[in-house]
Each structure stands twice: as structure tokens, then as C-alpha cells.
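Tertiary structure, described
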There are 2 protein chains.
Amino acid sequence: MIVALAGGVGGAKLADGLAYRLGHDLSIIVNTGDDFEHLGLHISPDLDTVMYTLAGIANSATGWGVADESWSFLKQVVHLGGPGWFRLGDRDLATHVLRTERLRRGERLTSITDDFCRQLGIAAQILPMSDEPIRTIVETAEGPLPFQEYFVARRCAVPVWGFRFEGSAQAQMTSEVRERLGGADLEAIIICPSNPYISVDPILRVPDLRQLIEARPVPVVAVSPIIGNAAVKGPAAKMMRELGFEVSSRSVAAHYRDLVDGIVIDVTDAALKPAIEALGMKVCVVPTLMRSADDRRALGDVCIEFANVIAGTGPPA
Amino acid sequence: MIVALAGGVGGAKLADGLAYRLGHDLSIIVNTGDDFEHLGLHISPDLDTVMYTLAGIANSATGWGVADESWSFLKQVVHLGGPGWFRLGDRDLATHVLRTERLRRGERLTSITDDFCRQLGIAAQILPMSDEPIRTIVETAEGPLPFQEYFVARRCAVPVWGFRFEGSAQAQMTSEVRERLGGADLEAIIICPSNPYISVDPILRVPDLRQLIEARPVPVVAVSPIIGNAAVKGPAAKMMRELGFEVSSRSVAAHYRDLVDGIVIDVTDAALKPAIEALGMKVCVVPTLMRSADDRRALGDVCIEFANVIAGTGPPA
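Residues numbered from 1 in each chain as written. Chains lettered and ligands numbered in written order. Predicted model: local features only at pLDDT ≥ 70, side-chain atom pairs only at ≥ 80, totals over all residues.

**Notes on the sheet that holds strand β6 (residues 135–140) of chain B**
Residues and elements named next belong to chain B. Strand order in this open sheet of 3 strands is β7-β6-β8, and the pairing throughout is antiparallel. The sheet is open, and its two borders are formed by β7 (143–146) and β8 (160–166), each paired with just one other strand. Averaged over neighbouring strand pairs, the angle between their axes works out to 30° when direction is ignored. Bridge analysis of β6 against β8 gives 6 bridges, and the strand direction is antiparallel. Following the sheet pairing, Ile-137 is matched in β8 by Arg-164. Its contacts with the sheet place helix α8 (residues 196–204) against β6 and β8, and it is angled at close to 25° to β8. (Pairing = 2+ DSSP bridges. Helix = DSSP H or I, 4+ residues; strand = E, 2+ residues; numbered from the N terminus. Axes fitted to C-alpha atoms, helices over the stretch in contact; angles between N-to-C directions. Contact = placed C-beta atoms within 7 Å.)

If you want it as C-alpha cells, here you go:
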């Protein structure tokens, strides 16, 4: 049994690669700090990206939403004077409408997600990091911005000073997350190549979650979302720069230093290996860019084997 | 200034014919007794049919919804395990989502409808009969059924005993409806060829509304939705039979006898004229079937002229 922590696109790709090998033996704890309400609908962007990716219906062209999407709804919304800035596709909308209705009836986000996954034929377990609202607030020179406003409306153009995770102090870990992370059959924890600040940190800020990971004797392996001095996707590199860090996998390693036993970095960054090892973790150097399904599976296999090596149950790397 | 009372398809067609002549000088009070919540969305079937018809975007093939509709949302809802019995199209959905969000924010159905109409370029004023919930309950041999369950899920197959309009005693007339019906410039009231029991009666049951109409000295003209012994569309004829009435325009006239000054019936039913006049109202015999836009306009003109004749301001019929 392996637990992965994931945000959006990059995280979803590795989770997909892991799921190919592990099936039911994989649980993915997903960031919900980006969740927000739009047109009265509860939207969970990362949860949906992971779900659509594992269901094989993700829109690979956009990096969000569903493949073969149509836009009749959005066009009519604008025609009726409504907002068009957040692009809701017709198929995608089914998830939001059904989820919103069930949340309003008092159902848990965890159970709703589980039902959707079963309907979509997903074997792995996709778990929201919490059933309670935790909302990422981006601290900027222009003041605090709700995440979607920063990300979609402002296109990450405003320089970032830091992040707050509103509601995290009051939130509770779900019994499902606690069972998975605390389970006797847990073999490894894999932190997917998601943005450390806005995708992984919100998960780690769920009360007791980081402590629970730290207390487990199983290997914790992270995959760096940085290749060279750029992020594969999204604002991670830009944020690093604005926060005053060197843009490199070494900064990712430093960010996770007390948490992980090993980090997977790209072959491009092989020269960083000694410096990262000096932080007290093992380093695995492989190609990490996932262009194809084969790439996802290969990287997933690397992570599992790397964890085995760290645990002393596999061949040396 | 003319006020029309309307339900769904037949009512919307005549309203459209009247709007062609009257533009801003027409207000249409529309039945909201069929409104219901589905997937957490507030749906106003009659309001939408009237709005879409006057905007020229009604789906003439189905009799409900928007033309050039797509169904990606509904297919995905079913794929995710949701209900498919109520057919929500992608374009149509924009109305429901925007309206629901605004209602939840505390806005009035009247203002929301007014905004939509402006966006859709509708000159006439479309007014929900009330901003408060009034729900048509169909009393049947199998017990009371909410209207949409009777109409859509059961396809009107259950015999009808009667109707209740839940919430009507507590509802209030809106200031807009009161101003239109009470206005000094009001010249006539036209009851469109909608189902008398489930489209027009709910409007007449809004507290004070029928009394306000009766107190006005302006002509009140109804158009019969029955031609021969059949309804042009919908369950009106079936209901008449089940309620023990003769299926004919005479029953429609009898239903409205204390309210209307005149009724428009189809040429097919010319022989009923003396019997209906005996009920104490004027009768106008013309073709009432509206197949084309020209038919709608012609019937609209007939209604306006008939009202003028009754008021003594027009030439004799």
C-alpha cells in the first residue's frame, strides 16, 4: 500500500503512473486548498484533475477539464450577462453540479469523490486532504488574494510574498486519510511533482498530517517539479524566485528536508546530487519529464523502487 | 398597456404574437407553480419557455428548452451516476445556474428574470407571478404528486382528481405585478391559451390577484387552449375528462365565467358560440392554431381588437 500526495497536473500524471502499477493499492491525498465557489458551484480543481487523469478523460491540451469538451454552457452564461473568466466546460460541469448538490445535502467531499471514482472506473482511492474548507490565500504586494483570483483572474502576474491556508487550524483529518497514512500495510509515501508551496504544503498543514507522516517508519520520497531552472508547468519557479529562493531542485529538497528520505531529480540536474545529499537525503537521478503514458509509468516504477531501496527491501539504486 | 397571463408553450406563442405588436407595452405574468429544484438548481419551466420564445431561441421541436441545444452535461451526469430523467441541455443550464446563484444570494426572481430579458433583447416585461414559492401539487388516485413528478417522471399517466397550490396562501403579489394590473394605463388583460388548471389557476390564486383583475374596468379576454375535443398541446383535455368536464371550449369558458368578458375560440368550434354566450360572455370565432410566426401575430391582433370591441373603443367584431 502506497500513499501519494498530489496537487494538479504534474501530481496527477505521476499518480496515474503509480496507479497503473498499484491499482487498489494506491491512495492519493489531494490538495483542496484551491477549491472555491463559482456561480454557486463548488469547484475542486486539483481533485478533478487527478480524477479525470486517472479516469483517462483529462484534457491534455488544456491541462485542466475534460477531453472532447464543449462550451455551450459558458457561451450562454456570457450571453446572459454572467462571468466568463473561469472556463467551465459542459462535461466538466456535471462534476461540479452533482458535487455541489450532494455537499449541500450534507454529504462529505470524501464520499462524493469516492462515488465519482467508482463511476469512472478508477481503482485507486482519491482522497481530498480534508472534508472541511481550507483555502489557500496568496499574500502579494497588492494584499491577500484568494487562490483562484491570483491564479486564473490575475494569471499569477502579481509578485508573491507568501501563503496562508485559511481554515487549516480548524480543519480535521478525515478518518480515511488517517487510516491510509496510519495503516499497518503502508509501504511508502510519495510526494508527487506538484508545486511545494500551493499544492503540497496545504496538505501538510492539515492538523496532525505532517506529524503522522513523520512518525511513520516508511520511506518518504518526493519528486521535484523543477527541471533545470524552470517548472514543468505552473508558477512554481516564478514563486521560488519571488520568495527569494534559487530556482532549482535543491530548493525543493531544502523545502522538504525534514520530511523526506529521498528525492527524485531530473538528469538535467545530476550535478546537484552532492549538494542535495548534503541536506541529509538520498537522491535518485532519472528523466522526470512525463510526456507519454509510458513516461508516467516509468517514473512511477522508479519512485516505488527508490522507496524500496531506502527501506532496504530492494536492490541498491 | 396590456397584461397577459401565460403558462408554457401555447401561452408563450400568443405572448410572442402580442409582443410583436406591443413591444414595451406588454407585460406577461407567468406561472411559477411548476418551478422545482433539480440537482440543486432552481428551474422555472414556464418562465423559461416564455423567455426563450420571446427571445427567438426556443426549441420548437421539443416545446421546451433552447434551440441548437447540446447534451454533453446530461450525458456526463448520467455517467457519474446522477439522474437523467429531467433533460437539462447545456445552453439551457446557463439560465438555471445563474438564476440559482442569484436567488441564493437573496435576489428576487423578478429582478433576475428582468436582467435575463434585457440580455436577450426582449422588450416586453416578463413577470413571475410571485417571488415566493407556490408549488402545484397534483391530487391523484395514487396520492398527491409534485407537478414535475406527475408531468415529466409519470408523463401525466396517473388520473387527476384536483390541484393544490402549496404556498399560495402565504405568497405575496410582487410590486411589479400589482403596478401592471393596477396601472392607470392598463387597456386589457389577456389570458393566453394555457392550461386553465395548472397554468392559469396558479396565477389567479396569488393572493389578491384575481380580485385585482375583477376590480379593473378593462376587458378581460381569454383564448381557449382547446380545439374540438383536444388540447393543442399538453394534458389539458385529459385533465378535463378526468375531472368530469366535457372536453370543449365551453368548459374553458365555464371555468373562466366570472372572470372574463370574452373568449376567443377556434373556427372548428363555431357551433359552441350560442352556448358560451349564454354563460354571459362575448365570443370571438377565429382560427386559433398557431403554427407560424404569422399565426401568432394574427391571433395577437385578434385579441387586442376583440378587447377594444368589448371596451367599446373598436369597431364591432
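Read on, since the account is not over.
**Some thoughts on the packing of helix α3 (residues 72–79) of chain A against helix α4 (residues 90–104) of chain B**
Remark: α3(A) packs on α4(B), axes separated minimally by 7 Å, with the N-to-C direction vectors making an angle of 50°. The orientation of α3(A) with respect to α4(B), classified from their angle, is oblique. Crossing hand, α3(A) versus α4(B): right-handed. Contact with α3(A), carried on its side by Ser72(A), Phe73(A), Gln76(A) and Val77(A), involves Asp90(B), Arg91(B), Leu93(B), Ala94(B) and Leu98(B) of α4(B) and no other residues of that element. Taken together, the residues of the contact of α3(A) with α4(B) sort by class into 5 nonpolar, 2 polar and 2 charged. (Parallel < 35°, antiparallel > 145°, perpendicular 65-115°, else oblique. Left-handed = near helix turned anticlockwise from the far one by under 90°. Nonpolar A, V, L, I, M, F, W, Y, C, P; charged D, E, K, R; others polar.)

**Remarks on the interface of chain B and chain A**
Taken together, the contacts link 24 residues of chain B with 24 residues of chain A. Considering each element in turn, the side of chain B that touches chain A owes the most residues, 10 residues, to α4(B). Looking at the side of chain B that touches chain A residue by residue, the classes come out as 9 nonpolar, 10 polar and 5 charged.

**Thoughts on the confidence of the model for chain A**
Residues of chain A with pLDDT of at least 70 account for 99%, and the chain-wide mean is 95. With a pTM of 0.92, the predicted complex shows an ipTM of 0.90. (pLDDT = per-residue confidence, 0-100.)

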